[in-house]
Amino acid sequence: MKQNIVIIGGGIAGLEAAKQIHNLGYQTFLVEKSDHLGGHVASWHRLFPDMIATKPLIKDMISAIKGVTVFLETQVNDVEGVREGYRLSLSNGINITAQAVLVASGFQLFEAQRKEEYGYGIYDHVITNADLEAWMNGNKDQRIPAAPKAIGFVHCVGSRDLKAGNSQCSKVCCMTAIKQAIEMKERFPNAEVYCFYMDLRLFGKKYEDFYINAQRDFGIHFVRGRVSEVSETIDGRLQVKAEDTLIGRPLKVQLDTLVLMSGMCCNPLIQKLAEQARLEIDSDGFLKSRDNITNIIESGREGIFFAGACTGTKTVPETVAEARAAALSIHNYLLQND
Amino acid sequence: MIKDGKQKIWADYQKEIPDDHWYYVRSCIRQNFFPASEKMFLEITRNVLGKDIYETPHHTTCGGIAYHADTIPQETAMTMIARQFALMTEAGYENYCPSCITSFGNYVETLETWREFPELEAKIRENLWKACKREFNKPKYLAHTSDLIYHWRDEIRKKAKHLLINKETGEPLRIVEHIGCHYSKMFPHKGVGGAEYPYVLAGMVESWGGQVIDYPERRHCCGFGFRQYLVKANRGYSVSNTHKKFESMEPYKPDAIITNCPGCPYFLDRWQYVIAEQTGKTYGENGYGIPVFTYEEIAGLVLGYDPWDLGLQLHQVAVEPLLNKMGVEYDPKAKYLGLNKEDLMRPEMPNSIKCC
């Protein structure tokens, strides 16, 4: 009889792991709370550094999990340790006894309206990075004018922010801001584009090239300083105040659209899952790995594994690599216990 | 502007305000700047609304001006505050309402500091005992007096004789609301509506028929800024901040400004004359300035009090344009008559800004 593996979360970590685990010959169940697979990445337009279109990527990932049993709009109601492994009760009424469980529940985008001074949900032309990607995917958004003269990006919205309760760097926002700034400049060559940052954390393959291109080839203005407040002018534009810390002067600009780079926060659902499965939460609020060097994909409990942003902020390549590693670790674990 | 978004924020920043029995403390400076405002607060709350508001002549300054001017240490200010609380305790009250925004900020800061550092509270209690053999309970509720008028705004509306509506056009009057910096910028959850989009004055304006203007420099300091003005060499910063605000609000053509801080109405009012002298520019209609009011003065006008009993003749910027729009009856000849009808004499009128 095939052994059962349950994967919680149908984002890119869950999809990649499902493919690998299924290919290794296990009966694989994928449980996703929303009505579609692909997670946050599915709603993104293109991915850095090679500007790969997201839709075909996700489509390929989904088509690669034929044979995996997928439960959409389903949550885990309970996890109980049993002799064979874990018994999971799902919200669709199905119970599964699994020999191993992979948690790939991902992250939650910071709710930008919590940074009240930026006026998301108050001023007509303030949007988030996710809103901009949706617009690039063809969704209409009246908050983005037909011909903007000036566009701003605010880095670290809800990231590295103790007052917002999230002290972690989200890793991908700096690079996403640069990617989106370039994309906007390509669409609106006459617009001035500003990036307001506190540090630029660009560590990945080709990231530095992107940054140089943004300045040299696209003329994007990088302002080292936090935005202090946003307000609306009488003609409906945005007045943005910031400090340019490199020249030591306050700065005030008028923009047509302001994009807030909402950071990654731990998924609030993991708190419930952690209680159900008796998993530990780390000091950063994410799930706690056995250790953060060589066993990041292993939980403190036998037979429960992690992949992706449930243990911390991750890039897409890191997430996919972790998913593959988790699949192999589960395989080795089951071989040892066979 | 998305009104729903503001309403969501306002819903997050509501505070419990008991309906009666308040211990009241005055501001150090408001009686000099806008002499009838505190009197009007007591008149409205006690005689119009029938509330129990207790006041004692034994209270002192909270030390706020000295504290924010860096001339006394925090422990000294805290000990003065402890004495104020002792007077409240001795009078048998547990709800405390200061008239001054800076005092309110100081009280909040002190209570929050004591909550974080109980050992400091113990030391202040010891200081107070050594200084004057007094003991105190901390207030159960702390509210600024504008919180109370906000709390009773709809009761005032029910008794209104005039509304913030243009008598000629029937349109809502366009009102700039300016919140004192110490009201909620330090502790957003202690103010009605929070720090970024405070609702305390906006709620009054809406209840009394006016329209609130949200302009780009709404959050900016009035110009007082304590050391910006108190240090004489810095006064250029003070007037330039005020100038920035008026330049920003000018396109919205405000009919009036409502404030809840001792310093703000003073500087927004007086600096309009200085700006007019320096630049020749005025921001109201037909060479007038934009009249600036305290919330008690606006409440008094809404309730039908004589504008000269509200002390409006002591404003630098003429208030008559707003009185005319609201349809408030007034006797121009009585403007400079004292309570006993004695002639107070006329102030010298400037040429740079039109005054009545």
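What you see is a predicted model; the values in this text were computed from it and never measured. Here the residue numbers are simple positions, counted from 1 along each chain's written sequence. In the order they appear in the text, chains get letters beginning with A and ligands get numbers beginning with 1. Local features are withheld for residues below a pLDDT of 70 in this predicted model, meaning they are given only at 70 or higher, and side-chain atom pairs are given and counted only at 80 or more; totals for whole chains, interfaces and linings count all residues.

1. With respect to the overall build of chain B
When its secondary structure is counted, chain B shows 16 helices and eight strands. In this treatment the radius of gyration is a C-alpha quantity, and the globule benchmark scales as 2.2 Å times the residue count to the 0.38 power. A compact globule built from 356 residues should have a C-alpha radius of gyration of about 21 Å, and chain B, at 20 Å, falls within 12% of that. Projected onto its principal axes, the C-alpha coordinates of chain B cover approximately 60 × 50 × 50 Å. Remark: C-beta atoms are placed from the backbone, and a residue is labelled buried if 20 or more other C-beta atoms sit within 10 Å of its own, exposed if 12 or fewer do, or partly exposed between those counts. The buried share of chain B, taken over its 356 residues, is 49%. Note on contacts: each residue gets a C-beta atom placed from the backbone, and two residues are in contact if those atoms are within 7 Å. A separation of at least 24 residues holds for 76% of the contacts in chain B among residues at least 6 apart in sequence. Strands here mean DSSP runs of E at least two residues long; helices mean DSSP runs of H or I at least four residues long; both are numbered from the N terminus.

2. Brief notes about the sheet that holds strand β5 (residues 174–178) of chain B
Residues and elements named next belong to chain B. By the convention used here, strands pair only if DSSP detects at least 2 bridges between them. Spatial ordering of the open sheet is given by β6-β5-β7-β8, a layout of four strands whose pairing is parallel. With one partner strand each, in any of the chains shown, β6 (211–213) and β8 (292–294) form the two edges of the open sheet. Averaged over neighbouring strand pairs, the angle between their axes works out to 40 degrees when direction is ignored. With four bridges connecting them, β5 and strand β7 (residues 256–259) associate as parallel partners. Following the sheet pairing, Glu 177 is matched in β7 by Ile 258. Only the stretch in contact is used when fitting a helix axis, every axis being a line fitted to C-alpha atoms; angles between N-to-C directions are given from 0 to 180 degrees. Together, β5, β6 and β7 form the strand contacts of helix α11 (residues 200–207), whose direction differs from that of β5 by roughly 160 degrees. Helix-sheet contacts for helix α14 (residues 263–279) involve β5, β7 and β8, and the interaxial angle to β8 is about 165 degrees.

3. What to know about the sheet that holds strand β20 (residues 304–306) of chain A
Residue and element names in this part refer to chain A. As summarised here, the arrangement of the five strands in space is β5-β2-β1-β9-β20, forming an open sheet in which the pairing is parallel. In this open sheet, the two strands that pair with only one neighbour each are β5 (69–71) and β20. On average, each strand axis in the sheet is inclined to that of its neighbour by 20 degrees, with strand direction left out of account. Sheet topology note: the strand β1 (residues 4–8)/strand β9 (residues 100–103) ladder contains four bridges and is parallel. Following the sheet pairing, Val 6 is matched in β9 by Val 101. Sitting on the sheet, helix α1 (residues 12–23) touches β1, β2 (27–31) and β9, and the angle it makes with β2 is about 170 degrees.

4. Structural notes on the pairing of strand β16 (residues 238–244) of chain A
Residues and elements named next belong to chain A. Here five bridges tie strand β15 (residues 227–232) to β16, and the two strands are oriented antiparallel to one another. What sits directly across from Ser 231, in β16, is Gln 239. The turn joining β15 and β16, which pair antiparallel and follow one another in sequence, is formed by five residues; a positive phi near 80 degrees is taken by Gly 236. By the bridge criterion, seven bridges tie β16 to strand β17 (residues 249–255) in an arrangement that is antiparallel. Within the sheet, the bridge partner assigned to Lys 241 lies in β17 and is Lys 252. Between β16 and β17, which pair antiparallel one after the other, the connecting turn spans four residues, and Gly 248 there sits at a positive phi close to 70 degrees.

5. Details of the domain arrangement of chain A
All names here are of chain A. Per the domain assignment, the segments of chain A are domain 1 (4–106 + 267–337) and domain 2 (112–263). At the junction of the two partners, domain 1 supplies nine residues and domain 2 supplies 17 residues. Gly falls in the polar group here, along with every residue not listed as nonpolar (Ala, Val, Leu, Ile, Met, Phe, Trp, Tyr, Cys, Pro) or charged (Asp, Glu, Lys, Arg). Residues belonging to the side of domain 1 that touches domain 2 are distributed by class as follows: three nonpolar, four polar and two charged. An automatic or database domain assignment supplies the start and end points of every domain.

6. Details of helix α5 (residues 207–216) of chain A
Residue and element names in this part refer to chain A. Along α5, the residues classified as buried are Tyr 207, Phe 210 and Ala 214. All buried residues of α5 project into a common sector of 55 degrees when viewed along the axis, lining one side. Exposed residues pointing more than 90 degrees away from the buried face of α5 are listed as Asp 209, Ile 212 and Arg 216. Buried residues along α5 sit against α4 (173–187). The arc under discussion is defined with respect to the helix axis, by the directions toward the C-beta atoms.

7. Some words on the confidence of the model for chain B
Residue-level confidence of the predictor is what pLDDT reports, using numbers from 0 through 100. The predicted model of chain B averages 96 in pLDDT, with 100% of residues at 70 or higher. For this predicted complex, the interface confidence reaches an ipTM of 0.89, while the overall pTM sits at 0.93.

8. Quick look at the pairing of strand β3 (residues 95–98) of chain B
Residues and elements named next belong to chain B. On β3, burial covers both faces: Asn 95 and Cys 97 on one face and Tyr 96 and Pro 98 on the other are all buried. Pairing analysis gives three bridges linking strand β1 (residues 22–25) to β3, with the strands arranged parallel. Note on β3: the bridge partner recorded for Val 25 is Pro 98. Here β3 pairs with strand β4 (residues 141–142) via two bridges, running parallel. Bridge pairing links Tyr 96 to Leu 142 in β4.

9. What about unusual backbone geometry?
A cis amide bond links Phe 48 of chain A with the next residue in sequence, Pro 49 of chain A, at an omega value of 0 degrees. Assignment of secondary structure puts Pro 49 of chain A in the loop between β3 (46–47) and β4 (52–53). In the Ramachandran plot, Lys 206 of chain A falls in the positive-phi region, its phi being about 70 degrees despite a non-glycine side chain. Along the chain, Lys 206 of chain A falls in the loop between β13 (192–197) and α5. Classification of Lys 206 of chain A as partly exposed rests on a count of 13 C-beta atoms within 10 Å. Its identity as a non-glycine residue notwithstanding, Phe 226 of chain B has a phi of 55 degrees, on the positive side. Tracing the sequence through the fold places Phe 226 of chain B in the loop between β6 and α12 (227–230).

10. A closer look at the nonpolar core
Any set of buried Ala, Val, Leu, Ile, Met, Phe, Trp, Tyr and Cys residues joined through C-beta atoms within 7 Å is what this text calls a nonpolar core. Of all hydrophobic cores here, the largest spans 100 residues; its most connected members are Ile 7, Ala 17 and Leu 102 of chain A. In terms of residue count, the dominant contributor to this core is α4 of chain A (seven residues). Residues Tyr 24, Cys 181, Leu 201 and Tyr 283 of chain B belong to the second largest nonpolar core, which totals 98 residues.

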